[in-house]
Every structure is written in C-alpha cells, then in structure tokens.
Amino acid sequence: MNVLRTGIVGGGFMGRTHTGAARAAGAEVVGVVSSSPERTADAAAELGVAAADSVAALAETADVVHICSPNGLHAEHVRTVLEAGTHVVCEKPLALDGAEAQELAELAQRAGVVAAVPFIYRFHPMARQAHSYAADGNLGRLLTVRGSYLQDWMLSPEAGNWRVDPESGGRSRAFGDIGSHLVDLVEFVAGERVRRLSAKTAIAHPERGGREVFTEDAAAVIVEMDSGAVGTLTVSQVNAGRKNALTLELAGTESSLAFDQEHPDELWLGGAESSRVIARDATELSADAQRLSTVPAGHPMGYLDAFAAFVRDTYAVIGGASPEGLPDFTDGARANQIIDAVLASAADGTWIDVERRPS
Ligand code: SOE
C-alpha cells in the first residue's frame with residue numbers, strides 16, 4: 001500500500017498525540033488546521049507539517065483526517081470530511097448528543113469510508129486479554145461491575161478550557177470526556193451492554209474564572225447490565241492525586257478480573273481458592289492480546305502504545321484488513337447514548353433505559 005496521507009484537525013494535546021501515533025503507524029502527516037490562522041501556523045511549526053487553510057482543503061489532500069477539535073465542532077468537521085469521501089477518525093464524544101452521533105454513524109456508513117473513534121484503552125494488551133478472558137466464559141455468569149475513571153486536572157477553581165463551555169464541550173463534561181472511555185471499556189470487556197442506569201452528577205466549583213459552570217466535574221452511576229448484573233461507575237476530574245486512573249473490575253460466578261490503566265501491563269484474575277496477576281508473557285494470552293503486545297514483557301507498554309495500536313488498526317482497516325475490536329462510529333454513538341441517559345437520569349432522579357432515547 002502507498003504511504004497513507006494523514007491530516008490533523010486541532011493543534012492541542014490530542015492533535016499532537018494523534019500526529020505521533022499516525023507517524024508511528026507509518027503515515028505521512030501532510031497538514032494541520034486549527035481554530036485560527038495563527039494557531040494553525042503554530043501547530044504546523046510544532047508538528048513540522050504544512051498549515052492547511054480549512055478542514056475541507058485538508059480532506060481533499062489527505063486519505064484520512066483525524067478530528068481533534070472541541071466537541072461542539074465534531075459534527076461539522078466530520079460532515080466536511082465525509083463529503084470529500086475521506087476516511088475519518090473523530091475524538092470522543094463523537095457528537096453533542098446521541099441523535100447527532102447516530103446521524104454521523106449513518107452518514108459514515110453511506111459514505112463507505114472507515115470511521116473510527118479512539119477508545120484507545122481497548123488497545124492495551126492486558127485490557128484485550130480481559131476481553132478475551134470474559135469472552136471465553138471464564139467469569140461464569142456476570143454478577144457485578146465496578147468501574148472508575150478519576151483525574152484531578154479540574155480540581156483548581158481556576159482550571160478550565162473549552163470543555164467548560166457547554167457549546168464547545170457539550171452538556172456533559174467529565175462523563176462525556178472520560179466516562180465515555182469507561183463505558184466503552186466496560187461494554188467491550190464484559191461483552192454486554194448497560195441496560196438501565198441511575199446517575200447523580202456534581203459540580204465542584206459553581207464558577208470557574210468568574211464564569212458560571214453548568215457541566216459536571218463528577219458523576220456516580222448505578223448500572224444494570226443486559227444480563228441483570230449490577231454495578232457502579234464513578235467518574236471525577238476533581239479527585240486530588242489521581243491523574244488518569246481508569247480501573248475496571250468484573251466479578252462472575254466463576255472468577256473475577258481487574259484492570260488498571262495506570263498499571264496496564266498486568267491483569268488481576270481472582271478466584272475463590274486463589275488469585276493471581278498475569279503479565280504480558282503469560283502463556284495463556286489470547287492471540288489478539290499477543291498481537292497488541294509489540295515489545296517483550298518487562299519493557300513497559302503504556303498510553304502512547306495503546307494510541308499507536310488504535311491508529312495502526314484503523315489504517316489496517318483502511319488497507320482492507322479486519323483486525324478485531326476497532327471502535328467505530330457505532331461505538332461512538334453508543335457512548336453518546338449512554339451520556340444522554342446519564343444526563344437524563346441526573347436531571348430528574350429516575351432510572352433510565354439506555355435504549356430509550358431521552359429527548
Ligand atoms: C483529558 O481528560 C484527557 O486527555 C481525555 O480527553 C482523553 O480522552 C483521556 O484519554 C486522557 O485525558
């Protein structure tokens with residue numbers, strides 16, 4: 001295959017991360033566009049790529065465009081890229097609500113392009129092993145789910161960026177930003193869906209930088225899975241000391257598993273008689289987990305490796321391959337549907353059936 005030409009929309013942390021991952025996957029990053037000509041010039045200089053005039057221009061020259069703009073611009077940017085018939089990777093949350101995300105998923109399908117969402121935590125080899133372990137029936141009947149995703153970068157009342165503004169960030173902040181990763185991983189590893197939920201959200205600081213805050217810093221969610229298993233999900237961006245602590249534990253009638261994103265090279269397997277921690281050199285590792293384990297055990301893999309693996313698989317699908325587990329726009333729309341349910345439940349204190357689309 002010819003070297004893939006990648007375009008980047010957005011010059012922030014995620015734009016830099018996508019650029020590194022695209023290069024690691026062997027692509028040529030041909031251009032970047034950001035929110036103003038000045039920011040585009042700065043991003044272009046930093047990334048060492050050409051400054052593009054617009055998303056449309058970028059979509060004409062690139063084979064795949066990665067959208068890392070504020071959430072409120074995702075839908076517009078995705079539509080522009082799809083109109084050019086170009087493959088697309090769009091950051092999460094895919095859209096501002098489930099209906100818009102579903103529309104984008106349908107548009108992408110009609111355009112016949114690859115449309116992926118970077119739920120990158122699926123790409124840690126041991127998270128993939130957790131998925132295989134559950135899929136092989138080792139847990140027995142699922143009984144409980146315990147998930148949390150904790151950060152602290154919003155702890156100071158001075159902290160904030162475009163995510164605090166509902167027009168740019170969306171009506172859900174912490175849950176939309178990182179709860180979306182958590183629910184994707186829960187459903188991917190468990191192999192079943194959240195059927196109903198009840199949520200409570202909290203705002204730590206009613207004002208940030210002198211401006212009123214409308215979106216949550218934290219959320220606590222009780223979930224009921226399709227199988228009837230019950231669980232809790234805690235999401236916070238004001239949890240002092242926690243930087244990127246995504247943890248997941250699933251417990252079944254036969255055994256349990258636990259994965260911790262900050263110790264991604266390990267997987268805890270719990271049994272009533274004995275428990276153990278396995279590493280990436282475990283003989284029982286599934287073929288798919290082994291595929292993602294690209295350096296020998298003892299040479300730690302982490303966030304950037306998971307990101308690179310996601311991009312590598314996206315480009316493999318563009319090239320005609322079909323690796324397992326690539327999160328696409330349908331998965332992005334699913335996360336948006338759960339975010340909508342969390343907001344609806346938090347607003348009126350009721351249980352919400354996730355499939356019923358809250359208006
Ligand atoms: C900030 O909360 C952030 O960069 C998220 O936007 C990413 O999706 C997550 O992977 C790390 O934290």
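Since this is a predicted model, take the numbers as computed values, not measurements.

The rules behind the values
- Residue indices begin from 1 for each chain and proceed along its sequence in written order.
- Since the coordinates come from a predicted model, pLDDT governs what is reported: local features require at least 70, and pairs of side-chain atoms require 80 or more to be given and counted, while whole-chain, interface and lining totals use all residues.
- Here, nearness means that the C-beta atom of a residue, built from backbone geometry, sits within 6 Å of the molecule or strand in question.
- The classification used treats Ala, Val, Leu, Ile, Met, Phe, Trp, Tyr, Cys and Pro as nonpolar, Asp, Glu, Lys and Arg as charged, and all other residues, Gly among them, as polar.
- UniProt positions are given in the numbering used here, feature names are shortened, and annotations may be inferred rather than shown by experiment.
- Helical segments are the DSSP runs of H or I of at least four residues, strand segments are the runs of E of at least two, and each set is numbered from the N terminus.
- A set of buried residues drawn from Ala, Val, Leu, Ile, Met, Phe, Trp, Tyr and Cys, joined through C-beta atoms within 7 Å, is what defines a nonpolar core.
- Any residue whose C-beta has 12 or fewer other C-beta atoms within 10 Å is treated as exposed, any with 20 or more as buried, and any in between as partly exposed, C-beta atoms being built from the backbone.
- Each domain span listed reflects an automatic or database assignment of domains.
- In this description, any two residues whose backbone-derived C-beta atoms lie within 7 Å of each other are considered to be in contact.
- Axes here refer to lines fitted to C-alpha atoms; in helices the fit is confined to the stretch in contact. Angles between the N-to-C directions go from 0 to 180 degrees.
- Convention used here: angles under 35 degrees read as roughly parallel, angles over 145 as roughly antiparallel, angles from 65 to 115 as roughly perpendicular, and any remaining angle as oblique.
- Two strands make a pair as long as DSSP finds a minimum of two bridges between them.

A.B. asks: What should I look at first to understand the site of the ligand in this one?
C.D. replies: Taken together, the neighbourhood of the ligand is formed by Gln151, Asp177, Ile178, His181 and Asn244. Residue composition of the shell around the ligand, by class: 1 nonpolar, 3 polar and 1 charged.

A.B. asks: It is not clear to me how the UniProt feature "domain: GFO/IDH/MocA-like oxidoreductase" (unreviewed entry) in the protein chain should be interpreted in this structure. Could you clarify?
C.D. replies: According to UniProt, the positions carrying the feature "domain: GFO/IDH/MocA-like oxidoreductase" (unreviewed entry) are residues 128-257. As a span, residues 128-257 carries 22% helix and 36% strand, and end to end its C-alpha atoms are 12 Å apart.

A.B. asks: Could you clarify how one ought to interpret the nonpolar core in this entry?
C.D. replies: Within soluble globular proteins, side chains that are nonpolar generally end up buried alongside one another. In terms of nonpolar packing, the biggest core is built from 102 residues, with Val88, Val189 and Val342 touching the most fellow members. Counting residues domain by domain, this core receives three or more from each of domain 1 (5-116) and domain 2 (122-298 + 328-352). Every residue in contact with Val189, bar those within four places of it in the chain, is listed here: Ala127, Ala130, His131, Ala134, Leu248 and Leu250.

A.B. asks: What's the story with the packing of helix α4 (residues 74-83) against helix α5 (residues 98-111) in this structure? I'm lost.
C.D. replies: How two helices pack is summed up by the angle between their axes together with the distance between the axes. In contact at an axis separation of 10 Å, α4 and α5 are set at 10° when each is read in the N-to-C sense. Taken together, the axis directions place α4 and α5 in an arrangement best described as roughly parallel. Here α4 contributes Ala75, Val78, Arg79 and Leu82 to the contact with α5, which in turn contributes Glu100, Leu104, Leu107, Ala108 and Ala111. Class assignment of the residues belonging to the contact of α4 with α5 gives a composition of 7 nonpolar, no polar and 2 charged.

A.B. asks: How should I be thinking about the domain arrangement of the protein chain in this particular structure?
C.D. replies: In many analyses, interface size is given as the accessible surface area lost on bringing the parts together. By the assigned domains, the protein chain splits into domain 1 (5-116) and domain 2 (122-298 + 328-352). Taking the mean C-alpha position of each, domain 1 and domain 2 sit 25 Å from one another. If you look at the interface, domain 1 gives 18 residues, while domain 2 gives 17 residues. For the side of domain 1 that touches domain 2, the secondary-structure elements that each account for two or more residues are α5 and β5 (115-116). Of all the elements, α5 adds the most residues to the side of domain 1 that touches domain 2, at 6 residues. Of the residues in the side of domain 1 that touches domain 2, the class split is 12 nonpolar, 4 polar and 2 charged.

A.B. asks: Please explain the UniProt feature "domain: Gfo/Idh/MocA-like oxidoreductase N-terminal" (unreviewed entry) in the protein chain as it appears in this structure.
C.D. replies: Within this numbering scheme, the UniProt entry marks residues 4-117 as carrying the feature "domain: Gfo/Idh/MocA-like oxidoreductase N-terminal" (unreviewed entry). Secondary structure content for residues 4-117 is 47% helix and 18% strand, while the C-alpha to C-alpha distance between its ends is 18 Å.

A.B. asks: Explain the sheet that holds strand β1 (residues 5-9) here, please?
C.D. replies: Hydrogen bonds between backbone groups are what pair the strands of a sheet, and the pairing can be parallel or antiparallel. Ordered by their spatial adjacency, 5 strands build an open sheet running β2-β1-β3-β4-β5, and the pairing between neighbours is parallel. With one partner strand each, in any of the chains shown, β2 (28-33) and β5 form the two edges of the open sheet.

A.B. asks: Looking at this structure, I do not really get the pairing of strand β6 (residues 142-150). What am I missing?
C.D. replies: Note on strand geometry: in a regular strand, side chains alternate between the two faces of the sheet. Judged from the 8 bridges that link them, β6 and strand β12 (residues 245-252) form a sheet pairing that is antiparallel. Looking at β12, one finds that Tyr149 is bridged to Leu246. With 7 bridges joining them, β6 and strand β11 (residues 230-236) adopt parallel strand pairing. Following the sheet pairing, Thr144 is matched in β11 by Val230.

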